[in-house]
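A closer look at the structure
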Amino acid sequence: MVKLPDERPFRARARQRERGFTLVELLVCLAIIGILISLAAPNLRAAGESAQRTGCESNQRLIRQELVQFQLVQRRAPTGTSGEILQELVDAGLLDSRPKCPAGGDYEIRQDAGGQWKVSCSVHGALGE
Ligand SMILES: [Zn+2]
């Protein structure tokens, strides 16, 4: 069987060829998107960790300030475990609720020999002292 030449005008043939992407074009696009995501992911994660650390630091600073405030108002130091001390600050109306580390850490509160309050996080350690 003899193949007849394509009688359609050139533009019609060209339009049919341009109807979609070829497999190679799609793979190149996916590879470029993959490279961009792999470049952006570490930066996004680092920014998230930095934000959590900043939030934790401000919580620790707030707890230390409210511990001093508690002593000034109540004329005694809050006692008990770290959780009980935080609850005392909430019960005294100094904190709206028990602060939580954005990364899920627990706060440990203790008083050093000089009477200075030390607050640290089980994830981030002591920040902003
Ligand atoms: Zn923390």
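Coordinates for the structure precede this section.
What you are looking at is a predicted structure, and each value in this text was computed from that prediction instead of being measured.

Along the backbone of the protein there are three helices and two strands. Listing each helix as α and each strand as β along the protein from the N terminus yields α-α-α-β-β. Burial analysis of the protein (129 residues in total) assigns 14% to the buried set. Long-range pairs, those at least 24 residues apart, make up 47% of the contacts in the protein with a sequence separation of at least 6.

Take helix α2 (residues 23-74) next. When the terminal C-alpha atoms of α2 are compared, their 74 Å separation across 52 residues agrees well with the 76 Å that a helix rising 1.5 Å per residue should span. Along α2, the helix axis deviates most sharply at Ala-40, where the bend reaches about 25°; the proline Pro-42 sits within four residues downstream. Listed in full, the buried residues belonging to α2 are Cys-56, Asn-59, Gln-60, Ile-63, Glu-66, Leu-67 and Phe-70. Of the surrounding elements, those touching the buried residues of α2 are α3 (82-91), β1 (107-111) and β2 (117-121).

Residues Cys-56, Ile-63, Leu-67, Phe-70, Ile-85, Leu-86, Leu-89, Tyr-107, Ile-109, Trp-117, Val-119 and Cys-121 constitute the largest nonpolar core, which totals twelve residues. Counting residues per element, the ones that place at least two in this core are α2, α3, β1 and β2. Of all the elements, α2 adds the most residues to this core, at four residues.

Listed in full, the buried residues belonging to α3 are Ile-85, Leu-86 and Leu-89. Projected onto a plane normal to the axis of α3, the buried residues spread over an arc of 100° and lie on a single side. Pointing more than 90 degrees away from the buried face of α3 are the exposed residues Glu-84 and Asp-91. Phi for Gly-93, located one or two positions after α3, is positive at around 80°.

Conventions used here
Residues numbered from 1 in each chain as written. Predicted model: local features only at pLDDT ≥ 70, side-chain atom pairs only at ≥ 80, totals over all residues. Helix = DSSP H or I, 4+ residues; strand = E, 2+ residues; numbered from the N terminus. Buried ≥ 20, exposed ≤ 12 C-beta atoms within 10 Å, placed from the backbone. Contact = placed C-beta atoms within 7 Å. Expected span 1.5 Å × (residues − 1). Bend = angle between axes of the 7 residues up to and from the residue. Core = buried A, V, L, I, M, F, W, Y, C linked by C-beta atoms within 7 Å. Arc of directions from axis to C-beta.

Keep in mind these numbers describe shape, not what the thing actually does.
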